[in-house]
Amino acid sequence: MNSVSNPQSDNDDVTITVCPDGPLLVRGPVTLIDADGNPIKKERPTIALCRCRGTSIAPFCDGTHKKRRRRQSST
Ligand code: FES
């Protein structure tokens, strides 16, 4: 996994971790905004943002990427 964080900040760091073939894990004090400019309620301290476009709960990951990976490896 690859992570990017601001080396000049302290506990208010926002960290984004790229999961191979999976979501972006976002940790820290961030505000998600939808396409209309409205904040999206964040229910957990760490959020997983979908990168595979297969989720049914966009923009969050719902685990569908795991099924896609299995399907691709079996063909
Ligand atoms: S990255 Fe997990 S459902 Fe898309």
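The structure displayed is predicted, hence computed values, not measured ones.

(A) View of the nonpolar core. Grouped together as the largest cluster of nonpolar side chains are five residues: Val26, Leu32, Ile47, Leu49 and Phe60. Filtering out sequence-adjacent residues up to four positions away, Val26 remains in contact with Val14, Thr15, Ile16, Pro45, Thr46, Ile47 and Leu49.

(B) A look at the pairing of strand β3 (residues 24-27). As judged from the four bridges shared by strand β2 (residues 15-18) and β3, these two strands associate in the antiparallel manner. Bridging across to β3, Thr17 finds its partner in Leu25. If you look at the hairpin formed by β2 and β3, you'll find five residues sitting between the two strands, and Asp21 has a positive phi there, around 55 degrees. Note: β3 against strand β6 (residues 46-49), four bridges, orientation antiparallel.

(C) Focus on the confidence of the model for the protein chain. Overall, the predicted model of the protein chain reaches an average pLDDT of 86, with 83% of residues at or above 70. Confidence, expressed as mean pLDDT per element, reaches its minimum in the protein chain at strand β1 (residues 2-5) with 56 and its maximum at β2 with 97.

(D) Examining the layout of surface pockets more closely. Looking at the largest pocket, its volume works out to about 240 Å³. Mapped onto the lining of the largest pocket, the elements with two or more residues apiece are β6 and α1 (64-73). Tallying contributions element by element places β6 first for the lining of the largest pocket, with three residues. Taken together, the residues that form the lining of the largest pocket break down as four nonpolar, three polar and five charged.

Rules behind the numbers
- Residues numbered from 1 in each chain as written.
- Predicted model: local features only at pLDDT ≥ 70, side-chain atom pairs only at ≥ 80, totals over all residues.
- Heavy atoms only, no water.
- Core = buried A, V, L, I, M, F, W, Y, C linked by side-chain atoms within 4.5 Å.
- Buried < 20%, exposed > 50% of the residue type's maximum accessible area, 1.4 Å probe, protein only.
- Contact = heavy atoms within 4.5 Å.
- Pairing = 2+ DSSP bridges.
- Helix = DSSP H or I, 4+ residues; strand = E, 2+ residues; numbered from the N terminus.
- pLDDT = per-residue confidence, 0-100.
- 1 Å grid on protein atoms, 1.4 Å probe; cavity = no way out; pocket = protein on both sides within 12 Å on 5 of 7 lines; lining within 4 Å.
- Points joined across faces, edges and corners; volume = space filled by probe spheres on them.
- Nonpolar A, V, L, I, M, F, W, Y, C, P; charged D, E, K, R; others polar.

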